[in-house]
Amino acid sequence: MTHQARGDAPPLHHTGDIDSDTHRHSELEDARVPAHVAIIMDGNGRWARHRGMARLEGHEAGTENIRRISFAAGRLGIKYLTLWAFSSENWRRPKEEVDGILSILSRAIVTETEELHRQGAQLRHIGDLSSLAPELQAGIQGAIERTRNNQHLVLTLAFNYGGRQELVHAIQEIVASGVPHSAIDEDLVQRHLYTSDLPDPDLIIRTSGEYRLSNFLLWQGAYSELFFCPTLWPDFGPDHLEQAIREYAGRERRFGAISPSQSY
Ligand code: IPE
Ligand code: IPE
Ligand code: MG
């Protein structure tokens, strides 16, 4: 289904003129654009139910929205965009829904990679690939390989990802390496996470009005700013992303220190 058919704005590259896009970007450049934005893409099921559609149609619409938001993120100057599409706990859903999500992703990897490549996105994956079907693993690996030299935006797909599972995986690797316990520090743990070559997320967005992390980026999100919005993921558009960035730009991050505006 197209965005137009759903009654919302057409894809970004068909809207507005160059001047207004340039203006919006430079306005945001003056503010602080987060380098790394991570999104918990929630609400596909409710989006479908509100329209009397099957849940899988919500997942289709949600998957389609990835292209729109990754394009907008690149335009806004975001360097790293991480999108959570399937959690290590989502296997608890009915088999029909899990199979449907897996097949939507398998198809999207094939149909969307060229467009993402054209946009300059470098695709990556975090999560446990090994328990996915071999064809899906190959599709994801192929997309990573195809886009590996792109520099405009690092687009990381969190698929079969869970923060606790990631920490267990890191601990297993560390123990297997035989490193003495006195050599284990935060840097070493960080190097064994799936995100070892990504900066921590500056901003984590969750759509659909839920106020929880649900096991997302537990280590990396220690000092992330959080933005919760009621919009269901398939309806989350470039304007919502821009709103989240504006709110982020107005926040003060302290990382445990006192505010620079308060002096002794
Ligand atoms: C998010 O949408 C996508 C996945 C978790 C796979 P949901 O499927 O969780 O949608 P709701 O929360 O039921 O509306
Ligand atoms: C989190 O959403 C996972 C993704 C969006 C991929 P869920 O819908 O699975 O989270 P809970 O179960 O409501 O906490
Ligand atoms: Mg949900």
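As the structure is a computational prediction, the values presented were derived from the model and not from experiment. (Residues numbered from 1 in each chain as written. Chains lettered and ligands numbered in written order. Predicted model: local features only at pLDDT ≥ 70, side-chain atom pairs only at ≥ 80, totals over all residues. Heavy atoms only, no water.)

### Observations concerning the overall build of the chain
A count of helices and strands for the chain gives 9 helices and 6 strands. Among the 264 residues that make up the chain, the fraction classed as buried is 47%. Here the analysis covers contacts within the chain between residues at least 6 apart in sequence; of these, 78% occur between residues at least 24 apart. When the accessible area of the chain is evaluated, it comes to approximately 13,500 Å², of which 53% is carbon and sulfur surface. (Helix = DSSP H or I, 4+ residues; strand = E, 2+ residues; numbered from the N terminus. Buried < 20%, exposed > 50% of the residue type's maximum accessible area, 1.4 Å probe, protein only. Contact = heavy atoms within 4.5 Å. Areas by Shrake-Rupley, 256 points an atom, 1.4 Å probe, with all protein chains shown as cover.)

### Quick notes on the site of ligand 2
The environment of ligand 2 is made up of Ile40, Met41, Asp42, Trp84, Ala85, Phe86, Asn90, Arg93, Arg206, Arg212 and Ser214. Contact distances for ligand 2 include 2.9 Å between an oxygen atom and a side-chain N or O atom of Asn90. Note that an oxygen atom of ligand 2 is positioned 3.2 Å from one of the side-chain N or O atoms of Arg93. With the chains in place, 77% of the 390 Å² that ligand 2 exposes on its own is no longer accessible. At 3 residues, the largest contribution of residues to the shell around ligand 2 is made by strand β2 (residues 80-87). Grouping the constituent residues of the shell around ligand 2 by class yields 5 nonpolar, 2 polar and 4 charged. (Near = heavy atom within 4 Å. Polar contact = N/O pair within 3.5 Å; in protein donor to acceptor, adjacent residues only side chain to side chain. Nonpolar A, V, L, I, M, F, W, Y, C, P; charged D, E, K, R; others polar.)

### Regarding the packing of helix α5 (residues 95-118) against helix α6 (residues 134-146)
Taken N-terminus to C-terminus, the directions of α5 and α6 make an angle of 15°; their axes are 10 Å apart at the nearest point. Taken together, the axis directions place α5 and α6 in an arrangement best described as roughly parallel. Two packed elements cross with a definite hand, and for α5 against α6 that hand is left-handed. Residue-level contacts link Leu102, Leu105, Ser106, Ile109, Thr113, Glu114 and His117 of α5 to Leu136, Gly139, Ile140, Ala143 and Arg146 of α6. Grouping the amino acids of the contact of α5 with α6 by side-chain chemistry returns 6 nonpolar, 4 polar and 2 charged. (Axes fitted to C-alpha atoms, helices over the stretch in contact; angles between N-to-C directions. Parallel < 35°, antiparallel > 145°, perpendicular 65-115°, else oblique. Left-handed = near helix turned anticlockwise from the far one by under 90°.)

### Considerations on the site of ligand 1
Ligand 1 sits among 13 residues. The nearest are Asp42, Gly45, Arg46, Arg55 and Arg93. Taking Gly43, its main chain carries an N or O atom lying 3.3 Å from an oxygen atom of ligand 1. Taking Arg55, its side chain carries an N or O atom lying 3.0 Å from an oxygen atom of ligand 1. Sorting elements by how many residues they give to the shell around ligand 1 places helix α3 (residues 44-50) first, with 3 residues.

### Focus: the nonpolar core
Residues Ile39, Leu81, Leu155, Phe159, Ile205, Phe236 and Leu241 are the most contacted members of the largest nonpolar core, which totals 39 residues. Broken down by element, this core gets its largest block of residues, 6 residues, from α5. Not counting the four nearest positions on each side in its chain, Leu155 is found in contact with Ser70, Leu81, Leu83, Leu116, Ala121, Gln122, Leu123 and Arg124. Among the nonpolar cores identified, the runner-up in size contains 10 residues, and Ala38, Ala158, Tyr161 and Ile204 belong to it. (Core = buried A, V, L, I, M, F, W, Y, C linked by side-chain atoms within 4.5 Å.)

### Things to note about the pairing of β2
With 6 of 8 residues buried, β2 is to be regarded as a mostly interior element. As judged from the 5 bridges shared by strand β1 (residues 36-40) and β2, these two strands associate in the parallel manner. From the neighbouring strand, His36 faces β2, where its bridge partner is Tyr80. As defined by bridge partners, β2 adjoins strand β4 (residues 153-161) across 7 bridges and the pair is classed as parallel. Its bridge partner being in β4, Tyr80 is matched across the sheet by Val154. (Pairing = 2+ DSSP bridges.)

### Structural notes on the sheet that holds β1
Taken in spatial order, the 6 strands line up as β3-β4-β2-β1-β5-β6 in an open sheet, and their pairing is parallel. On the outer flanks of this sheet lie β3 (121-126) and β6 (225-228), each paired with one strand and no other. Each strand of the sheet is rotated relative to its neighbour by a mean of 20°, with strand direction disregarded. Two strands pair when backbone bridges link them, and β1 and strand β5 (residues 203-206) are joined in this way by 4 bridges, in the parallel orientation. Bridging from a neighbouring strand, Val37 pairs with Leu203 of β5. Most of the contacts of helix α4 (residues 55-76) go to β2, to which it runs at about 160°, and overall it touches β1, β2 and β4.

### Digging into the confidence of the model for the chain
Across the chain, the average pLDDT comes to 90, with 88% of residues at or above 70. Counted against residues more than four places away or in other chains, residues 1-23, with its pLDDT under 50, gives 30 contacts. (pLDDT = per-residue confidence, 0-100.)

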